[in-house]
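Summary of the model geometry
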Number of protein chains: 4
Amino acid sequence: MIKVGIIGGTGYTGIELLRLLHNHTKVEVIAISSRSEAGKRVDEIFPSLVGSCDLIFSLPDDIILNECDVIFFATPYGVAMKGVGAFVKKGIKVIDLGADFRLNDKDEYKKWYGLDHTQDELLLLAIYGLCEINREKIKNANLIANPGCYPTTVALGLKPLIDNKLIDLTNIIADCKSGVSGAGRGANKATLLCEVSESFKAYGVSGHRHYSEIKQELSLLAGENVNLTFVPHLVPMIRGMQATIYVDLLDSDVDVQSIFESAYKDEYFITVLGAGNTPDTRNVRGSNFCQIGVQKAPYGNKLIVMSVIDNLVKGASGQAIQNMNILFGLDENLGLKQIGLIP
Amino acid sequence: MIKVGIIGGTGYTGIELLRLLHNHTKVEVIAISSRSEAGKRVDEIFPSLVGSCDLIFSLPDDIILNECDVIFFATPYGVAMKGVGAFVKKGIKVIDLGADFRLNDKDEYKKWYGLDHTQDELLLLAIYGLCEINREKIKNANLIANPGCYPTTVALGLKPLIDNKLIDLTNIIADCKSGVSGAGRGANKATLLCEVSESFKAYGVSGHRHYSEIKQELSLLAGENVNLTFVPHLVPMIRGMQATIYVDLLDSDVDVQSIFESAYKDEYFITVLGAGNTPDTRNVRGSNFCQIGVQKAPYGNKLIVMSVIDNLVKGASGQAIQNMNILFGLDENLGLKQIGLIP
Amino acid sequence: MIKVGIIGGTGYTGIELLRLLHNHTKVEVIAISSRSEAGKRVDEIFPSLVGSCDLIFSLPDDIILNECDVIFFATPYGVAMKGVGAFVKKGIKVIDLGADFRLNDKDEYKKWYGLDHTQDELLLLAIYGLCEINREKIKNANLIANPGCYPTTVALGLKPLIDNKLIDLTNIIADCKSGVSGAGRGANKATLLCEVSESFKAYGVSGHRHYSEIKQELSLLAGENVNLTFVPHLVPMIRGMQATIYVDLLDSDVDVQSIFESAYKDEYFITVLGAGNTPDTRNVRGSNFCQIGVQKAPYGNKLIVMSVIDNLVKGASGQAIQNMNILFGLDENLGLKQIGLIP
Amino acid sequence: MIKVGIIGGTGYTGIELLRLLHNHTKVEVIAISSRSEAGKRVDEIFPSLVGSCDLIFSLPDDIILNECDVIFFATPYGVAMKGVGAFVKKGIKVIDLGADFRLNDKDEYKKWYGLDHTQDELLLLAIYGLCEINREKIKNANLIANPGCYPTTVALGLKPLIDNKLIDLTNIIADCKSGVSGAGRGANKATLLCEVSESFKAYGVSGHRHYSEIKQELSLLAGENVNLTFVPHLVPMIRGMQATIYVDLLDSDVDVQSIFESAYKDEYFITVLGAGNTPDTRNVRGSNFCQIGVQKAPYGNKLIVMSVIDNLVKGASGQAIQNMNILFGLDENLGLKQIGLIP
């Protein structure tokens, strides 16, 4: 059994790791930490676990974490930057669900997160864990930067188009929509049910942290600088994310449907829907799948790509486990075969 | 008192007319028809009206309708086309909340609605009732085609830009989002709570009826042919609509915020939010306001316009009453001053 | 025009007062205070008001409040206890939406709210403002304790039965359900959308502050001590409250339907539904109505009373305005005739 | 591998069987029927299955069903009554998720379902599949009547009290609340999002089909006739059910918490929450668990039992699979260990 530790277990990505790993036959979670809840039973904070989990929150510096084979950091940005090094030195694999090792450019990190990045070596070491793009590099990684939810959704929606040089890279629009769980479990007036239920709005229009990450990954895919317009919106639901992406096809006669189907035919978690079908976020609720539909606009050479994931699974904890499976040479979908919770 | 009749009163636009007219001090609803519910008390179908409404559904050919000063058709497309003429001939004003008189081109009507348009004269007579655009024409109209919800939201968001010739008319994207009430009150598996709650999806991507109406109105505003890409989405909420519109500014130095504020400074129902603010559909819930925020994209010359309305009010019944107020020389906001229901 | 002041205007009852008073033709809100937001425009905090309200939050000790004819305290418990006296002395009417003057027994207040009640004289002066019960006393009051939402719902559901001595007063169960807005607008993990949406639970089962208030009012109605079992539950919706009340009829042949209809036939805001109908909270959404349905259980002598209100209107700000109307000799329903927002 | 067939696979219990069986390591679904969708791919109706399920809907009389070891009927009442016999004769185990074999008394069946029960022998044969009550009988059953959701919730909440003769059997109230998925996937105006979202109501107050089933099972547990008052309510959420049960303790000093803990200490799926805790339906969302909290009322000898399940899992398809596991001598929780989907 692979021994797993989780640092920062009281947020939504923490409980989601516990939920998904509970179905995984090759791992055992031996430690989970929380500075604020140390000493309490985990099932006291998350009663869904009563009867299924006997863990007690430890402090993040508890020595039991040194016995782990892999540690997930499910912490706010800034925490992993300081804490990851000690584990990596001991040969413990680390998967960081936060943002500390996603951006290659320290200035961008400073710009968006307001912190100086102090870990040059670790940053060089870190592999961006978008499995369908970086699978080979992930296999031998020691530190994985688990991607953000928006970057995952957008990059998977554009990869076949960029790989095949089918689109104008100067006029990309990603109109994205997220469920509220993306905002986390902190007490916050802005995400009270009474503030966000039965409503819809854009946010972060003047600049959102994931912009830089998306731009970086698209540019790496393209081998050249890519710009885009990115507007995130908040949807009155708990889970789910959709990117509606508008691009200009260089050749409007190309069979985009076939190109997507071919590009992803061997990817277990990527589902290209049949021609004319549009994805629905609920179909991936609680699952690690990404469903994609493509549609040429009725007029002009616009192509519309619709890509959906569960922001807490493929957009966070599920992809983290997928990365773990790759790291340890397991079947990539082990423990992750659940299908969406419908209805 | 202005005597009002409503044809087709069992849908959401029908009950919304009743709700709003209940607050209007210069009108009296004297008749409301429903083929299926004729003879039943209206408050039996809509118990929110118990104690506030003593009407009984009549048949649509009840002669009492001839005593009305104005008749609202809150019927599916096709019904008003046949029924409007008789009232117009008698000098009764008609406001059609359906689609029968919105499209000037009969071929477009046939294409999107599948019916031959048989009323050439009425079509010529009809005024498109987007009040902030056609106010002068509305004053003397006999037949008003009340606009669709998406066209209202998009046209109000683009009017100042088109009027001032600020944007590239060949690269407009309208990514629109609607609450579920836009789909109506018919029994339909696709809009069951269990099918659409906690989910998000695009629909009508290959072609939506409102596309033609939006294109027509934008082209009339521009004085030239305008194309656009239009993708509607379904949001898991009852009311509310947002258009997120992406355009290319011809001159990226222009002060768009001032232009919007100036354009709408005398419009009671159009609220231009302060610089940097984004609208939230809940702020217009149950009200006839349209709130608009504009934001330049952080990179490039893209401008993002966010326009929100309540699809059942400014997008349907509220605008219909605004049209009635204009028609009868009343204050345009009479009976329509309610602010949004928050929270 | 009656000059109105609001102390504590940033919560849900504050914005609801502003929304409702905006429709009231005989009042003008001249001041609204907020310690935390003093100096900011009200429509900055509540953008639904942009274009409809030019007020700026003042400090709660701003002298402009002394010019008011009536002041609403929309503050947490404890605040009104200290602040009300100064206004009452000046002859300004005060309506407290909080709990400070609802309980006649200071020990009960201490027990449930943890504070010593320091205002004996004011407490004696205060009238419990459940309009349909205490209308006569309210007319001449100087200080009104606006009732809690649960007590309003339960007391209105039981009044005809207690007045007519029809039930066993020792076996009453009130199984109550509330929308989330009852928990207020404070940043609180427990009322995040992701914590309460798509879920249902009981809370406060071992004791809830409204228990004592309900018991007091039922006992006053009965002229003897009444006990009850009261379990509140949280419903995943913004507004709305239902009490499902189970009582034992002393005489199972009594025509309960007629008794309810007769008891409330002159009450504008109380709607007794026809035999066999059950109320639905949405039918009173945003309105000051209380809808009641009664049904004998299929077996035994149990009677089931279902009473619904909008917790923010009849359960708070609407009833406060109804009290104001009575105080100032206005029509009781002035500004409060809106019907429920359907759908 | 156990070969499984499903009759009637287009409803919510059908897709839920597919979702849960997808995680089950000892079964293979070899056939799924639908009269209306025969010939179509199952993943066309339920896109959550794309990539995970290659089945095609067959007709309900397809001979492949004869190759099954067990057949689930996920059909409306009346269908299984006619169809079950042929399979039972062939020695194929049948689990009926509908109501046809739940009521022992044919007159009660006729009264509530309006049909004559024509299958006396099968009715005698059928075992009521509430696993925690009838486990021993289920082991050798040929036909299992899978319980209704309300009866499951209420019976599990009362079993320890009835077994230990702790309560007055003449004064039981079950105030129950259900998510909307209990109403099924049929096109129905009453369960449109716009009709039930953001609202709460009681329904079936004058009589509900599950009343008779609850009464039967409680009476069998008690060994004597039990009556109760049962009021179901509709909660604006997809999944989840709570019964809040009010009973009178015969001895108010009894340690009810210990009795519940002891009664269910060996039951994998029944979780008795710690003293003072109340269950939350989301904690069992998508899982087969039942969580129970008990609380003495602050006054009197009332006991409040709160029992929650996911109506589609423990209340339908999950319990059906639990029954299958028992029937085939498998671990009772095989394929059913998932924990609730939080958030």
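Thresholds, definitions, all that
Residues numbered from 1 in each chain as written. Chains lettered and ligands numbered in written order. Predicted model: local features only at pLDDT ≥ 70, side-chain atom pairs only at ≥ 80, totals over all residues. pLDDT = per-residue confidence, 0-100. Least-squares fit on C-alpha atoms with pLDDT ≥ 70 in both. Contact = placed C-beta atoms within 7 Å. Helix = DSSP H or I, 4+ residues; strand = E, 2+ residues; numbered from the N terminus. Nonpolar A, V, L, I, M, F, W, Y, C, P; charged D, E, K, R; others polar. Axes fitted to C-alpha atoms, helices over the stretch in contact; angles between N-to-C directions. Parallel < 35°, antiparallel > 145°, perpendicular 65-115°, else oblique. Pairing = 2+ DSSP bridges. Domains from an automatic or database assignment. Buried ≥ 20, exposed ≤ 12 C-beta atoms within 10 Å, placed from the backbone. Right-handed = clockwise from strand over helix to strand, strands pointing away.

Scored by pLDDT, chain A has a mean of 97; 100% of the residues are at 70 or more. Scored as a whole, the predicted complex attains pTM 0.97, and scored at its interfaces, ipTM 0.97.

On to the relation of the copies chain B and chain C. After a rotation of 180 degrees and a shift along the axis of 0.0 Å, chain B superposes on chain C with an RMSD of 0.0 Å. Such a combination of rotation and displacement between the chain copies is what one expects of a two-fold axis. A shared binding surface is used by both copies, with 100% of the interface residues of chain B retained as interface residues in chain C.

This part takes up the interface of chain B and chain C. Counting residues at the interface gives 26 residues for chain B, matched by 26 residues for chain C. Residue contributions to the side of chain B that touches chain C peak at 3 residues, all from helix α1 (residues 12-21) of chain B. Residues belonging to the side of chain B that touches chain C are distributed by class as follows: 12 nonpolar, 11 polar and 3 charged.

As a further point, take the packing of helix α7 (residues 149-163) of chain C against helix α10 (residues 256-263) of chain C. Residues and elements named next belong to chain C. Where α7 contacts α10, the axes come no closer than 10 Å and their chain directions differ by 110 degrees. The pairing of α7 with α10 is recorded here as roughly perpendicular in orientation. The residues of α10 that touch α7, namely those facing K159, P160 and D163, are I259, F260 and A263. When its residues are assigned to classes, the contact of α7 with α10 shows 4 nonpolar, no polar and 2 charged.

Residue and element names in this part refer to chain A. Overall, mixed pairing links the 7 strands, which are arranged β8-β9-β7-β10-β13-β12-β11 in an open sheet. In the strand order of this sheet, the two ends are held by β8 (201-202) and β11 (270-272), each with one partner. Sheet strands in contact with helix α7 (residues 149-163) are β7 (173-178), β9 (229-234), β10 (241-248), β11, β12 (290-296) and β13 (302-309), and its direction is about 40 degrees off that of β10.

As a further point, take the domain arrangement of chain A. Residues and elements named next belong to chain A. Domain parsing of chain A yields domain 1 (2-146 + 314-327) and domain 2 (150-311). Taking the mean C-alpha position of each, domain 1 and domain 2 sit 25 Å from one another. Taken together, the contact between domain 1 and domain 2 spans 19 residues of the former and 23 residues of the latter. Among the elements that line the side of domain 1 that touches domain 2, the one with the most residues is helix α11 (residues 313-327), at 6 residues. Here the residues of the side of domain 1 that touches domain 2 are counted per class, giving 9 nonpolar, 6 polar and 4 charged.

In this assembly, 40 residues from chain A lie in contact with 40 residues from chain B. Residue assignment for the side of chain A that touches chain B shows that the elements contributing at least two residues are β7, α8 (193-196), β8, β9, β10 and β13 of chain A. Looking at side-chain class alone, the side of chain A that touches chain B contains 19 nonpolar, 13 polar and 8 charged residues.

What follows concerns the environment of N325(B). Residues and elements named next belong to chain B. You can see N325 is positioned in helix α11 (residues 313-327). Note: C-alpha distance between N325 and K26 (299 residues apart in sequence) is 9.5 Å. When sequence neighbours within four positions are dropped, the list of residues in contact with N325 reads L330, D331, E332 and L334.

Residues and elements named next belong to chain D. Buried residues dominate strand β2 (residues 27-33), accounting for 5 of its 7 residues. Strand direction decides the pairing type here: strand β1 (residues 2-7) and β2, joined by 6 bridges, are parallel. Across the sheet, the residue bridging to I6 is I32, located in β2. The handedness of the β1 to β2 crossover, carried by helix α1 (residues 12-21), is right-handed.

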